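Architecture and fold: a report
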Amino acid sequence: MVVGDISTGTDVLVIGAGPGGYVAAIRAGQLDLDVTLVEKDAYGGTCLNYGCIPSKAMITASDLAHEAGHAEEMGIYADPEVEMGEMVGWKDGVVDQLTGGVEKLCKANGVELMEGRAEFADENKARIVHGGEGQGSETVEFEHAIVSTGSRPIEIPGFSFDDDPVLDSRQALALEEVPESLVIVGAGYIGMELAGVFAKLGTDVTVVEMLDSVLPGYEDDLARPVKKKAEELGIDFHFGEAASDWEESGDGITVRTENEDGEVSEFGAEKVMVAVGREPVTDTLGLENTGVEPDENGFVPTDDRARTEVDHIYAIGDVAGEPMLAHKASKEGQVAAEVIAGEPSALDYQAVPAAVFTDPEIGTVGLTESEAEAEGFEPAVGQFPFNASGRALTTGHADGFVRVVADEPSGFLLGAQIVGPEASELIAELGLAIEMGATLEDVAATIHTHPTLSEAVMEAAENALGHAIHTLNR
């Protein structure tokens, strides 16, 4: 028997329980608002279940296996055996622990959890369709709504994710066996991160990219060490080629690509993973019933308080546009909840860090030198190479550098770029420096523990001031 439609009410309806939505729901609960959080798949969203956390778990595991088998220069000789199913099981355990924690935190903060797919009926009402036969639906009336439905991988013509040999990143991270060979379409951060994972596990990896370099959008000197290391791992790159189609052949498939001159190339592999970007999930919400209109790319325009053109409807995370980063979504979720509660809260994007978990890692925040010049600053730039860092050398990972960009007259930090070991961790110090209005002198004068990788941050600031000790000054 189908359960009939029932109606409930709430102060705040949050649609999507990813790192934006669940943070918004918890913060709203802390502010004594009545909150309903709707999720159609899994608490924690793509990030915790299928993206950020699973990929970093697999990166850590593949790094460990690779380093154990390639440490002869340290006097260590080993030939590790990888059981892919057990590795994936460990990864799934990490995910389960985190997603279970999200659910507990929501309940502890008074958030009403509701499973199902939400669709707006009008600007103050949404219908929640529950999964499963006979589960029915219900209507939720709300005073405020926060849209946080995230994004999905872009599917390119001829490569349906429903076809067995064609993978998106989620499917690739769930493979129970290491493929002998893999073609990856796209050399962005997802493609490059997983190219490294599978290459270190023994897969013969080929990357095809329609642009002319890896990690488009990052400066060449940041991407170059990543490409160099990937080539050392045996990854084969083909630039200026777009994937056109594929067909089964022998024990695997043949992927065809085409360049701008119409020349066709063929690559044999066991599977193909498509990682050409992600698109916002805004086409299933019935936004047209609220007066909220996404732009031509499906993103929902918002102001510095996460509000859409309809004041009581908010959009956060990937649906609100670039950068499509989990930590940006979480901050937007906090701000949206606080604004709804009447708090004086607003978004400030000047110090949003980004990281790529390749080998070596990349971490960036704020302005590059060229961006600083374009905005009218007189940039002072300092750089310190990791091959001059004692700690980096003792880890066996000394590729890359730390670079800081400051305003020459005032000394204020404007941005930083890091490529090298633990760049994703090191960038936090420089993000804090920018956020608090620190100067080069502030960073240089801060005594850093020796021997640590973080000393490279101090030395880069000193280099910008012209008195670095462990590298030649500019």
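So, here is what we can say about the structure in this document. Positions within a chain are numbered from 1, following the residues in the order the chain's sequence is written. pLDDT decides what is reported in this predicted model: residues at 70 or higher carry local features, side-chain atom pairs at 80 or more are listed and counted, and totals for whole chains, interfaces and linings draw on all residues regardless. Each side-chain value is derived from all of the structure's non-hydrogen atoms; neither hydrogens nor water enter the calculation.

**Focus on the layout of surface pockets**
We count it as follows: A cavity here means a set of points on a 1 Å grid, drawn over the protein atoms and nothing else, where a 1.4 Å probe fits but cannot get out; a pocket is an open set with protein on both sides within 12 Å along at least five of seven lines, and a residue lines either one if it has an atom within 4 Å of a point. Grid points are joined across faces, edges and corners, and a volume is the space filled by probe spheres set on the points. Where helices and strands are cited, they refer to DSSP runs of H or I of at least four residues and of E of at least two residues respectively, numbered from the N terminus. Only Asp, Glu, Lys and Arg are considered charged in this grouping, and only Ala, Val, Leu, Ile, Met, Phe, Trp, Tyr, Cys and Pro are considered nonpolar; every other residue, Gly among them, is considered polar.
Volume-wise, the second largest pocket comes out at about 240 Å³. Around the second largest pocket sit 15 residues that line it, and His327, Lys331, Asp348, Ala351 and Val352 are the ones nearest its centre. For the lining of the second largest pocket, the element with the highest residue contribution is helix 8 (residues 326-340), accounting for six residues. Among the residues making up the lining of the second largest pocket, the classes are represented as seven nonpolar, three polar and five charged.

**Quick word on the packing of helix 3 (residues 52-69) against helix 4 (residues 84-108)**
When two helices pack together, their arrangement is given by the angle between their axes and by how far apart the axes lie. Selection rule: To get an axis, a line is fitted to the C-alpha atoms, and for a helix only the part in contact is used. The angle between two axes follows their N-to-C directions and goes from 0 to 180 degrees. Convention used here: angles under 35 degrees read as roughly parallel, angles over 145 as roughly antiparallel, angles from 65 to 115 as roughly perpendicular, and any remaining angle as oblique. Throughout, a crossing is termed right-handed when the near helix is turned clockwise from the far one, and left-handed when it is turned anticlockwise from it by less than a right angle. Every residue pair with non-hydrogen atoms within 4.5 Å of one another is taken to be in contact.
Packing of helix 3 against helix 4 leaves a shortest axis separation of 9 Å and a crossing angle of 140 degrees. Judged on the interaxial angle alone, helix 4 and helix 3 are oblique. The two elements helix 3 and helix 4 cross, and the hand of that crossing is right-handed. Taking contact as the criterion, the partners of Ile53, Pro54, Ala57, Met58 and Ala61 in helix 3 are, on helix 4, Met84, Met87, Val88, Trp90, Lys91, Val94, Val95 and Leu98. Of the residues that constitute the contact of helix 3 with helix 4, the class distribution is 12 nonpolar, no polar and one charged.

**So, the sheet that holds strand 13 (residues 252-259)**
Stated precisely, the cut-off is as follows: Should DSSP find at least two bridges between two strands, the strands are taken to pair.
The strand order 12-13-14 describes an open sheet built from three strands, whose pairing is antiparallel. Edge strands, defined here as strands with exactly one partner in the open sheet, are strand 12 (241-249) and strand 14 (264-269). The sheet shows a mean angle of 25 degrees between the axes of neighbouring strands, direction not considered. For strand 12 and strand 13, the ladder comprises eight bridges, and the chain directions are antiparallel. When the sheet's bridge partners are listed, Glu247 is paired in strand 13 with Thr254.

**Some words on helix 1 (residues 21-30)**
Put simply, the test is: Summary of the burial criterion: residues with accessible area below 20% of their type's maximum are buried, those above 50% are exposed, and those between are partly exposed, where the area comes from a 1.4 Å probe applied to protein chains only.
Buried residues dominate helix 1, accounting for eight of its 10 residues. Of all the residues in helix 1, the buried ones are Gly21, Tyr22, Val23, Ala24, Ala25, Ile26, Ala28 and Gly29. Contacts made by the buried residues of helix 1 are with strand 1 (6-15), strand 2 (35-39), helix 4, strand 6 (137-147) and helix 8. A positive backbone phi angle near 65 degrees is found at Asp32, which sits one or two residues after helix 1.

**Things to note about the pattern of salt bridges**
Here is the rule: Any carboxyl oxygen of Asp or Glu that lies within 4 Å of a side-chain nitrogen of Lys or Arg is treated as forming a salt bridge with it.
Summed over all chains, the structure comprises 21 salt bridges. Among the ionic pairs, Arg152 bridges to Glu279, the shortest N-O distance being 3.0 Å. Of this pair, Arg152 sits in strand 7 (residues 151-153) while Glu279 sits in strand 16 (residues 278-280), and the two are 127 residues apart along the sequence. Residues joined by salt bridges that share partners form a network here, namely Asp245, Glu247, Arg256 and Glu266.

**Let's talk about the side chain of Thr439**
With respect to the helices, strands and loops of the structure, Thr439 is situated in the loop between helix 11 (423-435) and helix 12 (440-445). Those residues in contact with Thr439 that lie beyond four places of it in its chain are Ser410, Gly411, Phe412 and Leu413.

**Looking at the pairing of strand 2**
For a regular strand, side-chain orientation follows a simple rule: the groups alternate between the two sheet faces. What counts is decided by this rule: Note on handedness: a crossover is taken as right-handed if, strands pointing away from the viewer, the path from the first strand over the helix to the second is clockwise.
Burial of strand 2 is extensive: five of the five residues sit out of reach of the surface. Taking every second residue as pointing to the same face, both faces of strand 2 are buried, with Val35, Leu37 and Glu39 on one and Thr36 and Val38 on the other. Here strand 1 runs beside strand 2; their pairing, made up of four bridges, is parallel. Each bridged residue has a counterpart across the sheet, and for Val14 the counterpart in strand 2 is Leu37. Crossover connection from strand 1 via helix 1 to parallel strand 2: handedness right-handed. Note: strand 2 against strand 3 (residues 112-115), four bridges, orientation parallel.

**Section: the nonpolar core**
How we decide: Nine residue types can take part in a nonpolar core, namely buried Ala, Val, Leu, Ile, Met, Phe, Trp, Tyr and Cys, and a core is a set of them joined through side-chain atoms within 4.5 Å.
Grouped together as the largest cluster of nonpolar side chains are 38 residues, with contacts concentrated most on Met192, Val205, Val207, Leu215, Ile235 and Met273. Of all the secondary-structure elements, those providing two or more residues to this core are helix 3, helix 4, strand 9 (181-185), helix 6 (189-200), strand 10 (204-209) and helix 7 (220-232). Looking at this core, the element that brings in the most residues is helix 6, giving seven residues. Not counting the four nearest positions on each side in its chain, Ile235 is found in contact with Ala195, Gly196, Ala199, Val205, Val207 and Ala230.

**Regarding the packing of aromatic side chains**
For clarity, the threshold we go by: Here is the rule: rings of Phe, Tyr and Trp (six-membered ring for Trp) pair when centre to centre is within 6.5 Å. Planes less than 30 degrees apart are stacked, more than 60 are edge-to-face, and the remainder are tilted. Each ring is checked for a lysine NZ or an arginine CZ that lies within 6 Å of its centre and within 35 degrees of its normal; such an atom marks a charge sitting over the ring.
Enumeration according to the criterion identifies two aromatic pairs in this entry. Judged by centre distance (5.8 Å) and plane angle (70 degrees), the rings of Phe120 and Phe142 are edge-to-face. Here Phe120, found in strand 4 (residues 117-122), pairs with Phe142, found in strand 6; they are 22 residues apart in sequence, far enough to count as distant. In this pair, the class of Phe120 matches that of Phe142, namely buried. On the basis of an interplanar angle of 5 degrees and a centroid distance of 5.6 Å, the ring pair of Phe237 and Phe239 is categorised as stacked. Exposure remark for Phe237: the relative accessible area of 12% places this residue in the buried category. A residue is classified by how much of its surface remains accessible, and Phe239, at 25% relative accessible area, is partly exposed. The lysine or arginine in question, Arg170, covers the ring of Tyr50, its NZ or CZ lying 3.5 Å from the ring centre.

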